[in-house]
Amino acid sequence: MDRIRIVGGNRLNGTIPISGAKNAALPLMIAALLTEETLILDNVPRLADVAQLQRILGNHGVDIMSAGKRPGDDEYQGQTLHISAANVIDTTAPYELVSTMRASFWVIAPLLARMHEARVSLPGGCAIGTRPVDLLILALEKLGARIAIDGGYVIASAPGGLRGADVEFPKETVSGTHVALMAATLAKGTTVITNAACEPEIADVADCLNKMGARISGAGTPRIVIEGVGRLGGARHTVLPDRIETGTYAMAVAMTGGEVLLRGARPELLQAALDVLTEAGAEITPNNEGIRVARNGAGINPVTVSTAPFPGFPTDLQAQLMALMTRARGTSHITETIFENRFMHVQELARFGARIHLDGETATIEGIETLRGAPVMATDLRASVSLVIAGLAGEGETMVNRVYHLDRGFEQLEKKLSACGASIERIRA
Ligand SMILES: CC(=O)N[C@H]1[C@@H](OP(=O)(O)OP(=O)(O)OC[C@H]2O[C@@H](n3ccc(=O)[nH]c3=O)[C@H](O)[C@@H]2O)O[C@H](CO)[C@@H](O)[C@@H]1O
Ligand SMILES: C=C(OP(=O)(O)O)C(=O)O
């Protein structure tokens, strides 16, 4: 497996283009199953998860054409996918394909809504907690689906089609909201989702569904109303910029010092994280090209932060913030409220000399002046990139093993960072 080698100590200076959001691109690709017409998606990031979802959709009989680059496109330009689910030939999503990626389970919603049946393996994904799918099943049952679990598969059917209903989530769930939203677009009658997740990726998917002919209002708020329609058609939609990639590079700059323009980033997608970075001592300046992040001279201030659903501080930036705080001038506290076991990076950050104490869902980080490079490995995507951030500041060499996880969510990470002066390279297996 490939590895990433970093020699720490360089400041970051330059421009980093921000890619399309993984967590919007995946449900948008899945939404193509709702129509026999072609859905065209622009700004789709080139990621392992996108490639894996292409395989999964291919197994259902979906045709995906990826348009090549045009003259004038730069090397970071996202791809354009033409996705056509004219003929769904198989409503089963098998274990071998679904087990590596959480979001692939969500195909259950469009398959049920359009084909009235689905057989989908229980999902895998990042090892950050138990991650049940009970709330997704609850939502589909509310919409009239019959569901059984057999041999590790969720078997769902709705012989006469789904029916609109009130779906009230007992806790906010991004996956539950995506599934309920997609399923309700083709249900008979009106669906009202309450306590819906408000993440920007949900609003982006709803925007695209509306372009396809759906009738959705309120996406991005806790109450979404969907009036079911008989069919959806084709559309063209651009994936919104990745707020987690944006926050990750902003933290990398705050860690190393320097000044970087995060091109194409949108501040309103991650205001809570930008506020924390300002408190930590970074200068954040949104402009019409993106967000400029700088830290010149000043040290890193400690912070106290709890993760929370949008618009709070995202759990997907928790590990990166923790890496940054290992070098703060004082003691920080970070509480993880979304996933019960999202601290796999703690023991790996300790290899750099970081001082972190875990007590239940709160980590106490005692900042130190100097991290030292080390061989490290992580078992999930955001934990892996937190090790890259630590490596960029660590004295000497860091080797990040198992980069498979990084490739799931960060497009051309080593190229983007080395273009800004980092000493970072991929060592191919
Ligand atoms: C592909 C994608 O978009 N992944 C994101 C999505 O994950 P994901 O959609 O899995 O996250 P959810 O919002 O659904 O999960 C939030 C919490 O609800 C729990 N839960 C969820 C569903 C369920 O049926 N039962 C249940 O108990 C989960 O275990 C977790 O503790 O949102 C998370 C929270 O912002 C992010 O960290 C992930 O990057
Ligand atoms: C946890 C993540 O992904 P997934 O939900 O696919 O595991 C993530 O994007 O940080």
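Residues numbered from 1 in each chain as written. Chains lettered and ligands numbered in written order. Predicted model: local features only at pLDDT ≥ 70, side-chain atom pairs only at ≥ 80, totals over all residues. Heavy atoms only, no water.

A.B. asks: Explain the domain arrangement of the protein residue by residue, including any values.
C.D. replies: Segmentation of the protein into domains returns domain 1 (3–18 + 241–427) and domain 2 (22–238). Placing a centre on the C-alpha atoms of domain 1 and another on those of domain 2 gives a separation of 30 Å. Tallying the contact residues gives 27 residues for domain 1 and 22 residues for domain 2. Here domain 1 packs against domain 2, burying approximately 2,200 Å² in sum over the two surfaces, 49% of which is carbon and sulfur. (Domains from an automatic or database assignment. Contact = heavy atoms within 4.5 Å. Buried area = accessible area lost by both parts, 1.4 Å probe.)

A.B. asks: Describe helix 10 (residues 318–325), listing the residues and the values that go with them.
C.D. replies: The buried fraction of helix 10 is high, at eight of eight residues. Those residues of helix 10 that fall on the buried side of the exposure criterion are Gln318, Ala319, Gln320, Leu321, Met322, Ala323, Leu324 and Met325. (Buried < 20%, exposed > 50% of the residue type's maximum accessible area, 1.4 Å probe, protein only. Helix = DSSP H or I, 4+ residues; strand = E, 2+ residues; numbered from the N terminus.)

A.B. asks: Run through the UniProt feature "binding site: phosphoenolpyruvate" (unreviewed entry) in the protein, naming residues and quoting values.
C.D. replies: The positions that UniProt labels "binding site: phosphoenolpyruvate" (unreviewed entry) are, in the present scheme, Lys22 and Asn23. Residue position: Lys22 is located in helix 1 (residues 22–31). Sequence-distant contacts of Lys22, defined by excluding residues within four places in its chain, comprise Pro27, Pro45, Leu47, Asp49, Asp242, Leu381, Arg382, Arg408 and Gly409. Of the polar contacts made by the side chain of Lys22, one reaches the side chain of Asn23; its length is 2.9 Å. For Asn23, the location among the structural elements is in helix 1. Asn23 gets classed as partly exposed once you look at its relative accessible area, which sits at 27%. Asn23 has contacts with His178, Glu201, Asp316 and Arg382, leaving out every residue within four places of it along the chain. (UniProt positions renumbered as here; feature names shortened; annotations may be inferred. Polar contact = N/O pair within 3.5 Å; in protein donor to acceptor, adjacent residues only side chain to side chain.)

A.B. asks: With reference to specific residues and values, describe the environment of Gly234.
C.D. replies: Mapped onto the elements of the fold, Gly234 is located in the loop between strand 13 (223–227) and strand 14 (235–238). Relative accessible area serves as the criterion here: at 25%, Gly234 is assigned to the partly exposed category. Remark: the alpha-carbon pair of Gly234 and Arg131, spanning 103 residues in sequence, is separated by 33 Å. In this structure Gly234 touches Thr35, Glu37, Thr38, Lys211 and Met212, once residues within four positions along its chain are discounted.

A.B. asks: Explain the state of the cysteines to me, using residue names and the numbers behind them.
C.D. replies: What the rule picks out here adds up to zero disulfides. You can see Cys208 has no disulfide; the closest cysteine sulfur is in Cys198, sitting 20 Å from it. By relative accessible area, which is 0% here, Cys208 ends up buried. (Disulfide = S-S within 2.5 Å.)

A.B. asks: Kindly report on the sheet that holds strand 12 (residues 215–217), identifying the contributing residues and their values.
C.D. replies: With mixed pairing, the four strands of this open sheet are ordered in space as 10-11-13-12. The open sheet has two edge strands, strand 10 (166–168) and strand 12, and neither has a second partner. Geometrically, the sheet is characterised by an average inter-axis angle of 15 degrees between neighbouring strands, direction not taken into account. Pairing geometry for strand 10 and strand 11 (residues 190–194), over three bridges, is parallel. By the bridge assignment, Glu168 is partnered in strand 11 with Thr194. (Pairing = 2+ DSSP bridges. Axes fitted to C-alpha atoms, helices over the stretch in contact; angles between N-to-C directions.)

A.B. asks: Requested: an account of the sheet that holds strand 16 (residues 283–287), with residues and values cited.
C.D. replies: Judged by pairing direction, the sheet is mixed, and its four strands sit side by side in the order 2-15-17-16 without closing on themselves. Of all strands in the sheet, those with a lone pairing partner are strand 2 (12–17) and strand 16, marking the two edges. In this sheet, adjacent strand axes meet at a mean angle of 15 degrees when their direction is disregarded. Both strand 2 and strand 15 (residues 258–263) contribute to a ladder of six bridges, which runs parallel. Residue pairing across strands places Asn13 opposite Glu259, the latter belonging to strand 15.

A.B. asks: Break down the nonpolar core for me, citing the residues and quoting the values.
C.D. replies: With 82 residues, the main nonpolar core has Val107, Leu162 and Leu209 as its most contacted residues. No other element matches helix 1, which puts seven residues into this core. Sequence-distant contacts of Val107, defined by excluding residues within four places in its chain, comprise Ile30, Leu33, Ile56, Leu57, His60, Ala93 and Val120. (Core = buried A, V, L, I, M, F, W, Y, C linked by side-chain atoms within 4.5 Å.)

A.B. asks: Run through the packing of helix 8 (residues 243–256) against helix 12 (residues 381–393), naming residues and quoting values.
C.D. replies: Where helix 8 meets helix 12, the closest approach of the two axes is 9 Å, and the angle between their N-to-C directions is 25 degrees. What the angle tells us is that helix 8 and helix 12 run roughly parallel. Crossing of helix 8 over helix 12 shows right-handed handedness. Across the interface between the two elements, Ile244, Thr248, Met251, Ala252, Met255 and Thr256 from helix 8 touch Arg382, Val385, Ile389, Ala390, Leu392 and Ala393 from helix 12. Residues that form the contact of helix 8 with helix 12 fall into these classes: nine nonpolar, two polar and one charged. (Parallel < 35°, antiparallel > 145°, perpendicular 65-115°, else oblique. Left-handed = near helix turned anticlockwise from the far one by under 90°. Nonpolar A, V, L, I, M, F, W, Y, C, P; charged D, E, K, R; others polar.)

A.B. asks: Give me the lowdown on the site of ligand 1, citing residues and values where you can.
C.D. replies: Around ligand 1, a shell composed of 19 residues is seen, among which Asp134, Val174, Ser175, Asp316 and Ile338 lie nearest. Within the contact set of ligand 1, an oxygen atom lies 2.9 Å away from a side-chain nitrogen or oxygen of Arg131. One of the side-chain nitrogen or oxygen atoms of Arg342 is found 3.4 Å away from an oxygen atom of ligand 1. When ligand 1 is considered free in solution it has 740 Å² of accessible area, and contact with the protein chains removes 91% of it. (Near = heavy atom within 4 Å. Areas by Shrake-Rupley, 256 points an atom, 1.4 Å probe, with all protein chains shown as cover.)

A.B. asks: Kindly report on the pairing of strand 15, identifying the contributing residues and their values.
C.D. replies: As judged from the six bridges shared by strand 15 and strand 17 (residues 290–295), these two strands associate in the antiparallel manner. Bridged to Leu262 within strand 17 is Ile291.

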